[in-house]
Amino acid sequence: MTVITRFAPSPTGYLHIGGARTALFNWLFARHNKGTYRLRIEDTDRQRSTDAAIAAIFEGLKWLGLDWDGEPVMQFARAARHAEIAHKLMAAGNAYHCYATPEELDEMRKTAMAEKRSPRYDGRWRDRDPKDAPPGVKPVVRLRAPQTGRTVIKDLVQGDVVFENEQMDDMVLLRADGTPTYMLSVVVDDHDMEITHIIRGDDHLTNAARQTQLYLTAGFKVPDFAHIPLIHGPDGAKLSKRHGALGVEAYRDMGYLPEAMRNYLLRLGWGHGDDEIISTVQAIDWFTLDNVGRSASRFDFTKLANLNGIYIRQSADADLATAVTPILAQKTGRALSDGEVGRLQAAMPGLKERAKTLIELAEGALFITATRPLQPDEAAKKLLEGPGRDMLARILAALRSVDDWTVAATEAAVRDLATKAGVKLGQVAQPLRAALTGRATSPPIFDVLVVLGREESLGRINDAATS
RNA sequence: GACCCCAUCGUCUAGAGGCCUAGGACGUCACCCUUUCACGGUGAAGACGCGGGUUCGAAUCCCGCUGGGGUCGCCA
């Protein structure tokens, strides 16, 4: 049997982190099994669905590298097909008209709650003669669900989960206006799309029971379910916006790499022994559902950042320079010159092991685009006062005599100066660093000298020495 | 409230009855490397929620409790 999975977000907002992981697991499972991974946009809520959200979902998935097979299915476009199934169920006596008003339903729930029972529809129109229908009331169509026995979900992650049928009420299939509900649409679409494995968030587990009732009465084959645990915020509660329930594009803007994101999301709720750094190729090879954990996990920005730092260090300098250039342009408010882009790439080996995000990488590279005279920060200012300034005059003289502008030659000159002055290298290097970068921290200082070039370096030192 | 799910260091996890003196990773702390900051290296502290069973033996199986979470819409 060929595996067919799907990711089915509703376009009522951005693609958030939980959805991204659900998509990742579906994608991984399909790729691992050489199956098909499809996308379905559940846009049946006409009030809340927006084109902007659909675009954001496409973009988010593309950024994450989770390519889907075939054209995305737009659920609302299939409403007639969904209704057709409901009408068939009606004709077969497996569904019925219900004329209960919203007020009545509200009343039922309140009473049930008060009596400490499960709040649900009491089935008052289930066996009632349609001739009793109150005039002027448009009915909904409800499934005539089994009232005895039990419904068992054979969940690939959670194991067998048993629901007593008497605990479930007759769900609405068609609204009073004739449009299909989510429950109907999902089941019909998954059936028509021949989905073999439904991998989705744990919050759908109870839905799976009701959907199974529908599959069974409609005579559809029940797919395999895998309900993966939810992602919580650092406090253990539902993921809030300030805790990470952001759209994936927000992570992109914060400077996270898609491959780091994939690795982090993969390790949240899934493990493969002691392995931590897992390439996507490796993940496809290793991914199975029985390695998925059963308990919810908390989102940890710190760990994501650590992983991102590792992936940044592994990235090619040219790729990083390309990624950072627009960020730097935005920070400086102007486009970068070719020379600056070249220097950026040249500085990348020293830059990239000091950054956990692309934003930090850009900040570290700011000394490259800075124009003379530099505006030193507070820590750098201290280094440029008093003895530091005196030292800079001697550094300037020493470096002016260097013609072969290389790491080795400049380092030799500066070390020689430190020895002659009888001070530690740091006492020379730190003022020099402040003069060249305007900061107290930077990549190795001789690398900086070479990246900036002789003329610019001597100019910056002169500025600091004479200011 | 009803139903359902879950429970190993602060966090993510390994652990399928003896390989567990409970392993790894992030974070934390120390030290080393070092021109700064990092990176890297070495080391330390740190967990099987509680109570009963079953068993020669339980983190692993069973029951209860406690705690956390999810769902109860003519939303998805």
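Quick caveat, the model's predicted, so the values are computed rather than measured.

A. Focus on the pairing of strand 1 (residues 4–7). The side-chain alternation of strand 1 yields two buried faces, one formed by Ile 4 and Arg 6 and the other by Thr 5 and Phe 7. Direction of pairing for strand 1 relative to strand 2 (residues 36–41): parallel, over a ladder of four bridges. Residue pairing in the sheet places Ile 4 in a bridge with Thr 36 of strand 2.

B. Here's a closer look at the packing of helix 18 (residues 425–437) against helix 19 (residues 445–452). For the pair helix 18 and helix 19, the least separation of the axes is 10 Å and the interaxial angle reads 35 degrees. Relative to helix 19, the crossing made by helix 18 is left-handed. Residue-level inspection shows Ala 429, Leu 432, Arg 433, Leu 436 and Thr 437 of helix 18 in contact with helix 19, the latter providing Ile 445, Val 448, Leu 449 and Leu 452. Among the residues making up the contact of helix 18 with helix 19, the classes are represented as seven nonpolar, one polar and one charged.

C. Main features of the sheet that holds strand 3 (residues 73–74). Read across the sheet, three strands follow the order 1-2-3 without closing on themselves; strand pairing throughout is parallel. Every other strand in the sheet has two partners, leaving strand 1 and strand 3 as the edge strands with one partner each. Sheet analysis places strand 2 next to strand 3, joined by two bridges and oriented parallel. Across the sheet, the residue bridging to Arg 40 is Val 73, located in strand 3. Most of the contacts of helix 1 (residues 17–32) go to strand 1, to which it runs at about 165 degrees, and overall it touches strand 1 and strand 2.

D. Fine view of the pattern of salt bridges. Inspection of the entire model under this criterion finds 35 salt bridges. For the salt bridge of Glu 340 with Arg 334, the shortest nitrogen-to-oxygen distance reads 2.8 Å. Glu 340 gets classed as buried once you look at its relative accessible area, which sits at 8%. Assessed through its relative accessible area of 30%, Arg 334 is described here as partly exposed. Salt bridges sharing partners connect three or more residues here, namely Arg 6, Arg 40, Glu 42, Arg 78, Arg 81, Glu 84, Lys 88, Asp 189, Asp 190 and Asp 192.

E. Region of interest: helix 5 (residues 182–192). The buried fraction of helix 5 is high, at eight of eleven residues. The set of residues buried in helix 5 consists of Met 183, Leu 184, Ser 185, Val 186, Val 187, Val 188, Asp 189 and Asp 190. The inward-facing, buried residues of helix 5 contact strand 1, strand 2, helix 3 (79–91), strand 8 (172–174), strand 9 (197–201) and helix 6 (205–218). Downstream of helix 5 by one or two residues, Glu 194 has phi in the positive range, about 55 degrees.

F. Layout of the nonpolar core. Ranked by internal contacts, the top residues of the largest apolar core, which has 98 residues, are Leu 61 and Leu 399. Tallying contributions element by element places helix 1 first for this core, with nine residues. When near neighbours in sequence (up to four residues on either side) are disregarded, Leu 61 contacts Phe 7, Leu 15, Ala 23, Tyr 37, Leu 39, Leu 66 and Trp 68. Within the second largest apolar cluster, 31 residues are counted, among which are Ala 95, Leu 173, Val 188 and Leu 214.

G. Broad picture of the layout of surface pockets. Taken as a whole, the largest pocket holds about 1000 Å³ of empty space. What lines the largest pocket is a set of 37 residues, and nearest its centre among them are Ser 10, His 16, Gly 19, Asp 203 and His 204. Of all the elements in the fold, those that place two or more residues in the lining of the largest pocket are strand 1, helix 1, helix 5, strand 9 and strand 11 (231–232). If one sorts the elements of the lining of the largest pocket by residue count, helix 1 sits on top with four residues. Classifying every residue of the lining of the largest pocket gives 15 nonpolar, twelve polar and ten charged. Taken as a whole, the second largest pocket spans an internal volume of roughly 340 Å³. Glu 363, Gly 364, Leu 366, Phe 367 and Arg 439 are the residues nearest the centre of the second largest pocket, which is lined by 21 residues in total. The element contributing the most residues to the lining of the second largest pocket is helix 13 (residues 358–364), with four residues. The class makeup of the residues in the lining of the second largest pocket is eight nonpolar, nine polar and four charged.

H. The sheet that holds strand 5 (residues 140–143), seen in detail. Taken together, the three strands give an open sheet; going across it, the order is 4-5-8, and neighbouring strands pair in antiparallel fashion. Of all strands in the sheet, those with a lone pairing partner are strand 4 (95–98) and strand 8, marking the two edges. Sheet twist, expressed as the mean angle between neighbouring strand axes with direction ignored, is 45 degrees. Across two bridges, strand 5 lies against strand 8 in antiparallel orientation. Looking across to strand 8, one finds that Arg 142 is bridged to Val 172.

I. Representation of unusual backbone geometry. The omega angle of the peptide bond from Arg 372 to Pro 373 is -10 degrees, so this bond is cis rather than trans. You can see Pro 373 is positioned in the loop between helix 14 (366–369) and helix 15 (378–383). Backbone geometry at Lys 34 places phi at a positive 55 degrees, although glycine is not the residue there. Tracing the backbone shows Lys 34 in the loop between helix 1 and strand 2. Of note in this structure, Glu 194 is not a glycine but carries a positive phi near 55 degrees. By the element assignment, Glu 194 lies in the loop between helix 5 and strand 9. The exposed category is assigned to Glu 194, whose relative accessible area is 56%.

Procedures and definitions
Residues numbered from 1 in each chain as written. Chains lettered and ligands numbered in written order. Predicted model: local features only at pLDDT ≥ 70, side-chain atom pairs only at ≥ 80, totals over all residues. Heavy atoms only, no water. Buried < 20%, exposed > 50% of the residue type's maximum accessible area, 1.4 Å probe, protein only. Helix = DSSP H or I, 4+ residues; strand = E, 2+ residues; numbered from the N terminus. Pairing = 2+ DSSP bridges. Axes fitted to C-alpha atoms, helices over the stretch in contact; angles between N-to-C directions. Left-handed = near helix turned anticlockwise from the far one by under 90°. Contact = heavy atoms within 4.5 Å. Nonpolar A, V, L, I, M, F, W, Y, C, P; charged D, E, K, R; others polar. Salt bridge = Lys/Arg side-chain N within 4 Å of Asp/Glu carboxyl O. Core = buried A, V, L, I, M, F, W, Y, C linked by side-chain atoms within 4.5 Å. 1 Å grid on protein atoms, 1.4 Å probe; cavity = no way out; pocket = protein on both sides within 12 Å on 5 of 7 lines; lining within 4 Å. Points joined across faces, edges and corners; volume = space filled by probe spheres on them.

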